[in-house]
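Results of the structural survey
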Amino acid sequence: MTEPPTDPVSVLLVDDDPLVRAGLRLMLGGSGDIEIVGEVGDGTEVADAVSRHRPDVILMDIRMPYLDGISATRMLTSRRPAADHHRQPVVIVLTTFDADTNVIAALRAGAAGFLLKNTPPDQIVEAVRRAATGEPVLSPTAVRSLIDHVATTGADERSRQARDRFALLAVREREVAVAVAEGLSNAEIAERLYMSVGTVKAHVSSILTKLGLTNRIQLAILAHDAGLD
């Protein structure tokens, strides 16, 4: 199990179904180390809710009537950090379909992972905790399934662009990137590459900054496009 953060993980719920929000509120609120700081019913309300509540994690429905979760996620990840440098919230998208094209679009837009709406409550709680600590939200199997699904169109051009971007990385950073692409946690990467967890975190942060990415899932997809995995 992932060690829960010292401070409660603040969560914003975004779903147009009040019953879904109520269910999430009950299962997450009972965990003791997770706090629901707000909830909204459409993507159009997300930016304002993030500014008011400063959540660590957003559970974001994909299909909403006015502004969908993909567009809302893209809007959030493209924003500059606030003047007080509060970090951007981690987005986990909620869906009823496993590895469909909407999920992949959301991951490319900057979501850190996805959860099926019928995921067992304890797994949803654990996913929120993992997201808040910067760990992978998806299992290695799920990462591989999604990456394989992505590699269907425009592969040659994506591969060339990805290789050009990875040329910016140092050798050690490339090794860390490959491990991230395999879905390994920071602790697992540290064990494989004989470095501390803190060093792994520093490398991951540097890699994401150099490549203009927001999370490990985007890095995994880019590594696959570059042929590094």
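First, a word on what this report is: a plain description of the structure on this page. Quick caveat: nothing in here was measured; it's all calculated off a predicted structure.

Looking now at unusual backbone geometry. For R54, which is not a glycine, the phi torsion comes out positive at approximately 50 degrees. Mapped onto the secondary structure, R54 falls in the loop between α2 (46-53) and β3 (57-61). Of note, Y194 is a non-glycine position whose phi angle comes to about 55 degrees, a positive value. Note on placement: Y194 falls in the loop between α9 (186-193) and α10 (197-211). Taking the relative accessible area as the measure of exposure, Y194 reaches 75% and is therefore exposed.

Relative to the assigned elements, I124 resides in helix α5 (residues 121-132). Along the chain, I124 and L24 lie 100 residues apart, while their C-alpha atoms are 8.8 Å from each other. Setting aside its immediate chain neighbours within four residues, I124 contacts L24, M27, L28, L115 and T119.

Right, let's get into the nonpolar core. Within the largest apolar cluster, 24 residues are counted, with the highest numbers of intra-cluster contacts made by F166, V176, I189, I207, L211 and L219. For this core, the secondary-structure elements that each account for two or more residues are α7 (155-166), α8 (171-181), α9, α10 and α11 (216-225). Grouped together as the second largest cluster of nonpolar side chains are 23 residues, A49, I58, V103 and F114 included.

The complete set of buried residues in helix α4 (residues 101-109) reads V103, I104, A106, L107 and A109. Positive phi shows up at G110, right after α4, with a value of about 130 degrees.

Our next topic: the sheet that holds strand β2 (residues 34-40). Read across the open sheet, the five strands follow the order β2-β1-β3-β4-β5; overall the sheet is parallel. Each of the sheet's edge strands pairs with one partner strand only, and the pair in question is β2 and β5 (113-116). Between one strand axis and the next, the sheet turns by 25 degrees as a mean value, whatever way the strands run. Note: strand β1 (residues 9-14) against β2, six bridges, orientation parallel. The residue bridging V14 from the neighbouring strand is V40, located in β2. Packing against the sheet, helix α1 (residues 18-29) makes contact with β1, β2, β3 and β4 (90-95), and its axis sits at approximately 165 degrees to β2.

Rules used throughout
The numbers attached to residues start from 1 for each chain and follow its sequence in the written order. Thresholds applied to this predicted model are a pLDDT of at least 70 for local features of residues and 80 or more for the giving and counting of side-chain atom pairs; totals over whole chains, interfaces and linings are not thresholded and use all residues. Values shown for side chains rest on all heavy atoms present in the structure; no hydrogens or waters enter the calculation. Helix and strand labels come from DSSP, where a helix needs a run of H or I of at least four residues and a strand needs a run of E of at least two; each type is numbered from the N terminus. The rule is simple: take the accessible area with a 1.4 Å probe, protein chains only, and divide by the maximum for that residue type; under 20% is buried, over 50% is exposed, in between is partly exposed. When checking whether two residues touch, look at their non-hydrogen atoms; a contact exists if any pair is within 4.5 Å. The nonpolar core is taken to be a set of buried Ala, Val, Leu, Ile, Met, Phe, Trp, Tyr and Cys residues, with the residues joined through side-chain atoms within 4.5 Å. When DSSP finds two or more bridges between two strands, those strands count as paired. Angles shown run from 0 to 180 degrees and are taken between the N-to-C directions of axes, each axis being a line fitted to C-alpha atoms and, for helices, limited to the stretch in contact.

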